[in-house]
Amino acid sequence: MAKMISNRMKSMLGGLISESQSAFIPDRLKMDNNLVAAEVGHFLNIKQCGLVGWGALKLDMAKAYDRMEWSFLRGMLLALAFAPWWVDLIMICVTSVSYNILVNGENGGQVLPTRGLRQDDLLSPYLFIICAEGLSLLLQQSQPVVTKHCLFVYEGFSGQAVNFQKSSVCFSRNTMESSREEVAQVLGVSRASNFEKYLGLPSFVGKNKKLVFSYIEDKFRQRVGSWNKKFLSQAGREILLRSVAQAMPTFSMSVFLLPDSLCLALESIMAAHDLVCGGIRRKIGDGTTTLIWGHPWLPNEPNPMVQTPMHRALHGSKVSGLINRTSGTWDMSILSDLFCAADVDRIARVPVSPSYMDSWY
């Protein structure tokens, strides 16, 4: 029944929920919130003149789903003009929840909750948005004192609690220091130079984009590096790398244009990481499908990757460019120009078969 109700409600929420909320609403994207947050952060950073200062308040709700009062949910549904019989159907889905707890492997009895929304239920996101609409309407007040009162009113009715330790407020550059202190003290939140991250993405992107998005590369390396310790087959490692690692930067790329240096770094990790390379080597034929700096194709000492740093202009270069097409052997003049002596010696020991294609072995 919950699935049927959620499908029916989905089409109606667009006309009931204010435009400031975009999550779970048809024809709206959660990423719109990231764009709005980025624009707000950009405005606060460039606002340096004028007598009127601006500020943005970031709120964190503690246990948002678990603390929702059922009486408040019913009241919001009725206030939005849902039919009483429809509200009764929804409340049956919400209030008929029960939990069984295992204590030392034995059934410890049944627990009947009196509030909260199940996070994995199809209906819960829509009900949560409806309840959050109450807070959205209250927060359209402009003064800090009124805002704090609105939060207390919402907490009293909904059962939710604002985590003031994780909430923060940031101001435009033209805001006076005395005003900043007063607003932060009235609201009971900390001051921040910027919101750092909002919904997992940076809320302000300045000139140094490489520094702002460096967390993507760090997380990427950490995730891929952790798989080295797992007992996975070579095919399993490739699947993990392609299906999991490649999807990690997708969310960030859907909102922001990542700097070229970061893209090159991710491509290098994808091509050269030991996850795929462990136990696998490239056998050089004509060299047309093997990357000079991206594939393991050299003897193992110290490792099968080229040790000479790659020049930016040589990104994506293939081994075929190092082979003399006339003689079918390594072009020693090119090797001496591009690589250190140790790499030249290792490359010279690799056999070449120009009449065959490269392959893994």
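Residues numbered from 1 in each chain as written. Predicted model: local features only at pLDDT ≥ 70, side-chain atom pairs only at ≥ 80, totals over all residues. Heavy atoms only, no water.

Student: Looking at this structure, I do not really get the overall build of the protein. What am I missing?
Tutor: For the protein, the helix and strand inventory stands at 16 helices and 13 strands. With 361 residues in all, the protein has 39% of them scored as buried. Accessible surface computed for the protein: about 20,900 Å², of which carbon and sulfur atoms make up 57%. (Helix = DSSP H or I, 4+ residues; strand = E, 2+ residues; numbered from the N terminus. Buried < 20%, exposed > 50% of the residue type's maximum accessible area, 1.4 Å probe, protein only. Areas by Shrake-Rupley, 256 points an atom, 1.4 Å probe, with all protein chains shown as cover.)

Student: Explain the pairing of strand S3 (residues 99-103) to me, please; I cannot follow it from the model alone.
Tutor: Strand residues, when the strand is regular, have side chains that alternate between the two faces of the sheet. Where S3 meets strand S4 (residues 106-111), four bridges bridge the pair, whose relative direction is antiparallel. Within the sheet, the bridge partner assigned to Leu102 lies in S4 and is Asn107. Hairpin connection between S3 and S4: a loop of two residues separates the two successive antiparallel strands, and Asn104 in this loop has a positive phi of roughly 55 degrees. (Pairing = 2+ DSSP bridges.)

Student: Is there a simple way to think about unusual backbone geometry in this case?
Tutor: Leaving glycine out, the prevailing phi sign among residues is negative, and the prevailing peptide bond configuration is trans. Although it is not a glycine, Lys63 sits at a positive phi angle of roughly 50 degrees. Residue position: Lys63 is located in the loop between strand S2 (61-62) and helix H4 (70-79). Even without glycine at this site, Asn104 takes up a positive phi of about 55 degrees. Overall, Asn104 belongs to the exposed group, its relative accessible area being 79%.

Student: Help me understand the packing of aromatic side chains, please; the structure alone is not making it clear to me.
Tutor: Summed over the entire model, instances satisfying the criterion amount to six aromatic pairs. Relative to Trp54, the ring of Phe43 has its centre 5.6 Å away and its plane inclined at 90 degrees; by these criteria the two rings are edge-to-face. Taken together, the residues span a long stretch of sequence, with Phe43 in helix H3 (residues 31-46) and Trp54 in the loop between H3 and strand S1 (55-58) at a distance of 11 residues. On the basis of relative accessible area, Phe43 is assigned to the partly exposed category, the value being 33%. A ring pair is formed by Trp297 and Trp330, whose centres lie 5.8 Å apart and whose planes are at 35 degrees; its orientation type is tilted. With Trp297 in the loop between strand S10 (282-283) and strand S11 (323-324) and Trp330 in strand S12 (residues 329-330), this pair connects stretches of sequence that are 33 residues apart. For Trp297, a relative accessible area of 3% translates into the label buried. One cation-aromatic arrangement involves Lys148 over Phe164; the distance from NZ or CZ to the ring centre is 5.1 Å. (Phe/Tyr/Trp six-rings, centres within 6.5 Å; stacked < 30°, edge-to-face > 60°. Lys NZ or Arg CZ within 6 Å of the ring centre and 35° of its normal.)

Student: Explanation requested: the pattern of salt bridges in the structure shown.
Tutor: A side chain of one charge can pair with a side chain of the opposite charge if their charged atoms are brought near each other. What the rule picks out here adds up to seven salt bridges. The shortest N-O distance in the salt bridge between Arg115 and Glu69 comes to 3.5 Å. On the criterion of sequence distance, the pair formed by Arg115 in the loop between S4 and helix H6 (124-138) and Glu69 in the loop between S2 and H4 is long-range, its members being 46 residues apart. Take Arg115: its relative accessible area is 34%, and that puts it in the partly exposed class. In this structure, Asp345 and Arg349 form a salt bridge, with 3.6 Å as the shortest nitrogen-oxygen distance. (Salt bridge = Lys/Arg side-chain N within 4 Å of Asp/Glu carboxyl O.)

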